[in-house]
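Structure assessment
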Amino acid sequence: MDPLYIIVIVALVFVGLWLARRAAALPAGADTKSHAANAKSATTRGPAREAKLAARADAEAKSEPAEEVAEAGPNESRESSPGAGRRTRDVAGLRRGMAKMRETSGFFGRLKQLLGATKAIDPRLVEEIEEVLITSDVGAKTTEQLLGSIRDGLQKKELDDHSRVWAALRKRATELLDVPGGGGLTAAPPPMVVLLVGVNGAGKTTTIGKLATKLQDQGKRVLLVAGDTFRAAAVQQLQTWGSRIGCEVFAGKENADPASVVYDGIQHAVESGHDVVLCDTAGRLHTKSPLMDELRKVHKIAQKLVTGAPHEVLLVVDGTSGQNALQQATEFGSALPLTGIVLTKLDGTAKGGVVLAIAHERRVPVRYVGVGERAEDLREFDAGEFVEALLGNAQDDLAS
């Protein structure tokens, strides 16, 4: 065989083998390269994805407490009215607002002098407590209710020290004040209509402004209706409040019929989609029958426009007016179905016991108490909190 031929055959064999190995090697290399690329990609994407998920989880973890704070914060600072959340007790703030009552010559101070004394328990103690209560505007009927259980306890030797007498007085006071429905407004479908009534000088218009501030802080759209058309200053005062807090005020002409102004105001609230309507009414003497008849007319007008209206009829009473405040509650209560009492100016009196008399004798719940000039000083009433602020609590040291 020709040597050249043999060389060509061998060369072709080697070339064939090389090509075969090359062909076999390329897929293997490609797979390896592809696998390496995929591995690299997986290595890159895996931590990135994990990092992203971790970051998201961390953000969610951080956002949850933030939402709780944002939700809890307003609930702790505001008072519970329609749409409000839970409220936080603020005994210290209420106590500061009633500082005059807690002075030596005030309601609490005089009781503390008796019950913090080191002398032995004596039956005459009841008479001394009775004098403090009556002269602090608690009234004879309510005083008797407060002292009845104390007399029994002394006779049975159950109240053998001053701290127990003090605790019994606090307990009975809380029971008398704890009228169902007290504290804040009762929620109603919009528009919720609230009539505020009372004599001139009780703080009615100012109470409306403060209440509107609170409701707007809760996200409510509020309309103020200037129904006290007999007194131009009342309309101006309400308009000043509206301008200050950015709240719409509906006012009629001077000396216009109050019932017609209230009618038009409520109708406007219905058409405009307001949540709450606060209606001011003419301050009047509770002994004037024609004026009380006019209030009844306003009440009927509200009933015609909105189902269930007026949802609240609040009597605003000056806490410094003493037993006259109880008389006002009686007279207004006979003319209108009162749903609550707003007791104002408690920061201006050393007595303040009339709140006990009104709650006990009229059985009308106290909705708010005013203990200062600021909107937040109009406080939702809570019987336990009020008694704790006024008469201390179980941990108070009587000797302090």
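1. Overview of the environment of Gly322
- Along the chain, the position of Gly322 falls in the loop between strand 5 (312-318) and helix 11 (323-335).
- Excluding residues that lie within four positions of it along the chain, Gly322 makes contacts with Asp137 and Val354.

2. Focus: the pairing of strand 3 (residues 248-251)
- Where strand 2 (residues 222-227) meets strand 3, four bridges bridge the pair, whose relative direction is parallel. Opposite Val225, over in strand 3, you have Phe250 as the bridge partner.

3. Some remarks on the sheet that holds strand 2
- Judged by pairing direction, the sheet is mixed, and its eight strands sit side by side in the order 3-2-4-1-5-6-7-8 without closing on themselves. With partners counted over all chains shown, the strands left at the sheet margins are strand 3 and strand 8 (378-380), one partner each. Sheet twist, expressed as the mean angle between neighbouring strand axes with direction ignored, is 25°.
- Examined bridge by bridge, strand 1 (residues 192-197) and strand 4 (residues 276-281) share five bridges and lie parallel to one another. Bridge pairing in strand 4 links Val193 to Val277.

4. Regarding helix 6 (residues 162-177)
- The end-to-end C-alpha distance of helix 6 is 23 Å, a good match for the 22 Å that 16 residues give at a rise of 1.5 Å each.
- Those residues of helix 6 not exposed but buried are His162, Val165, Trp166, Ala168, Leu169, Arg170, Arg172, Ala173, Leu176 and Leu177.
- On the buried face of helix 6, the contacting elements are helix 3 (107-115), helix 4 (124-135), helix 5 (140-155), helix 12 (354-362) and helix 13 (383-391).

5. Observations regarding the side chain of Thr281
- Note on placement: Thr281 falls in strand 4.
- A residue is classified by how much of its surface remains accessible, and Thr281, at 2% relative accessible area, is buried.
- At 2.7 Å, the side chain of Thr281 and the backbone oxygen of Leu196 are in polar contact.
- When neighbours within four sequence positions are excluded, Thr281 is seen to be in contact with Leu196, Val197, Lys204, Gly227, Asp228 and Leu295.

6. Some points on the nonpolar core
- In terms of nonpolar packing, the biggest core is built from 84 residues, with Phe107, Ile129, Ile150, Leu177, Leu278 and Phe386 touching the most fellow members.
- Considering each element in turn, this core owes the most residues, seven residues, to helix 6.
- One finds Val193, Leu195, Val262 and Ala302 within the second-largest nonpolar core, a separate group that totals 17 residues.

7. With respect to the pattern of salt bridges
- Counted under the stated rule, the structure contains 12 salt bridges.
- Across the pair Arg379 and Asp90 runs a salt bridge, and its minimum N-O distance is 3.2 Å. One end of the pair, Arg379, is in strand 8; the other, Asp90, is in the loop between helix 1 (3-77) and helix 2 (91-97), and 289 residues separate them in sequence.
- Of the residues examined, Asp90 reaches a relative accessible area of 28% and is grouped as partly exposed.
- Put simply, Arg374 and Asp377 hold a salt bridge, and the shortest N to O gap is 3.0 Å.
- Under the relative-accessibility criterion, Arg374 is labelled partly exposed at 48%.

What counts and what doesn't
- Residues numbered from 1 in each chain as written.
- Predicted model: local features only at pLDDT ≥ 70, side-chain atom pairs only at ≥ 80, totals over all residues.
- Heavy atoms only, no water.
- Helix = DSSP H or I, 4+ residues; strand = E, 2+ residues; numbered from the N terminus.
- Contact = heavy atoms within 4.5 Å.
- Pairing = 2+ DSSP bridges.
- Axes fitted to C-alpha atoms, helices over the stretch in contact; angles between N-to-C directions.
- Expected span 1.5 Å × (residues − 1).
- Buried < 20%, exposed > 50% of the residue type's maximum accessible area, 1.4 Å probe, protein only.
- Polar contact = N/O pair within 3.5 Å; in protein donor to acceptor, adjacent residues only side chain to side chain.
- Core = buried A, V, L, I, M, F, W, Y, C linked by side-chain atoms within 4.5 Å.
- Salt bridge = Lys/Arg side-chain N within 4 Å of Asp/Glu carboxyl O.

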